[in-house]
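# Understanding the architecture of this molecule
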Amino acid sequence: MSAAAAKPILYSYFRSSCSWRVRIALALKGISYDLVPVNLIKDGGQQFSAEFKALNPMQQVPALKIDGITLCQSLAIINYLEETHPNPRLLPKDPKKRAQVRMIADHIVSGIQPLQNLSVLKQVGEKKMEWAQNCITSGFQALEQILQHTAGCYCVGDEVSMADLCLVPQVANAERFKVDMGPYPTITRINKALLELEAFKITHPSRQPDTPAELRA
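Residues numbered from 1 in each chain as written. Predicted model: local features only at pLDDT ≥ 70, side-chain atom pairs only at ≥ 80, totals over all residues. Heavy atoms only, no water.

So, about the packing of helix 4 (residues 95–111) against helix 6 (residues 128–150). Look at helix 4 against helix 6: their axes get within 11 Å of each other, and the N-to-C directions meet at 165°. Between helix 4 and helix 6, the interaxial angle falls into the category roughly antiparallel. As helix 4 packs across helix 6, the resulting crossing turns out to be left-handed. Residues Gln-100, Met-103, Ile-104, His-107 and Ile-108 of helix 4 form the contact with helix 6, whose participating residues are Gly-139, Ala-142, Leu-143, Ile-146, Leu-147 and Thr-150. Classifying every residue of the contact of helix 4 with helix 6 gives seven nonpolar, four polar and no charged. (Axes fitted to C-alpha atoms, helices over the stretch in contact; angles between N-to-C directions. Helix = DSSP H or I, 4+ residues; strand = E, 2+ residues; numbered from the N terminus. Parallel < 35°, antiparallel > 145°, perpendicular 65-115°, else oblique. Left-handed = near helix turned anticlockwise from the far one by under 90°. Contact = heavy atoms within 4.5 Å. Nonpolar A, V, L, I, M, F, W, Y, C, P; charged D, E, K, R; others polar.)

Written out as structure tokens, the structure is:
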């Protein structure tokens, strides 16, 4: 079998919100893949191994081997999947809605998630819970306002989009860091609706091959 024809391989960590985004995209598009767990905690972080650094020099998950290439960065991966497997679409046809989807996705993946990522929290030290709460709260205050103008059933209108793939994992992070979700009714409503969808259920961190027994659904 040629490299281009081989089954995709996703390097993932069960709790990684960036990995979860990609797992949802793969599920929605019906793409079968093999999963290789990369434990970000064990052995000082398996992402720092020489083997994984050769795969992704940034030493982060996810990484996806597909069609003979290796892709890193969740939105780059999702955009590739969108271009090569266009159905169901994750970017609306309408240019304005498509721009809104990208805006919301960037808001989360650039403006919230990196600030409360594991590598940052290690540097923060003892006040990491407070730091994460502040970063997420600041981002969610703005996101709630944006969604009040863009949302239908989901983040932008009534179709699941790339923005939704970013929202659900970020809400899970917020819950893990004990953020009060009371001030964010739109975010909460959309998140609840998305978690009813099969693609979001089967890719949930509580249902992954590397999920610890005590955290399994």
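Let's pick the thread back up.
In this structure, the second largest pocket encloses a volume near 300 Å³. Residue lining of the second largest pocket: 17 residues in total, with Trp-20, Ala-172, Glu-175, His-204 and Pro-205 positioned closest to the centre. Within the residue set of the lining of the second largest pocket, elements represented by two or more residues are helix 1 (17–28) and helix 7 (162–176). Broken down by element, the residue count for the lining of the second largest pocket peaks at seven residues, all from helix 7. Here the residues of the lining of the second largest pocket sort into nine nonpolar, five polar and three charged. (1 Å grid on protein atoms, 1.4 Å probe; cavity = no way out; pocket = protein on both sides within 12 Å on 5 of 7 lines; lining within 4 Å. Points joined across faces, edges and corners; volume = space filled by probe spheres on them.)

Read from one edge to the other, the open sheet built from four strands follows the order 2-1-3-4, with strand pairing classed as mixed. A strand with exactly one partner marks an edge of an open sheet, and here the two such strands are strand 2 (34–37) and strand 4 (69–72). Taking the axes of each pair of neighbouring strands and ignoring which way they run, one obtains an average angle of 20° across the sheet. Sheet analysis places strand 1 (residues 9–12) next to strand 2, joined by four bridges and oriented parallel. By the bridge assignment, Tyr-11 is partnered in strand 2 with Val-36. The sheet strands contacting helix 1 are strand 1, strand 2 and strand 3 (63–66), and the helix crosses strand 1 at an angle near 150°. (Pairing = 2+ DSSP bridges.)

Let us look at the environment of Pro-62. You can see Pro-62 is positioned in the loop between helix 2 (50–55) and strand 3. Using a relative accessible area of 3% as the deciding quantity, one classes Pro-62 as buried. Between the C-alpha atoms of Pro-62 and Ser-74, which are twelve residues apart in sequence, the distance is 6.6 Å. When residues no more than four places from it in sequence are discounted, the contact partners of Pro-62 are Leu-10, Tyr-11, Cys-18, Ser-19, Val-22, Asn-56, Leu-71, Cys-72, Gln-73, Ser-74 and Ile-77. (Buried < 20%, exposed > 50% of the residue type's maximum accessible area, 1.4 Å probe, protein only.)

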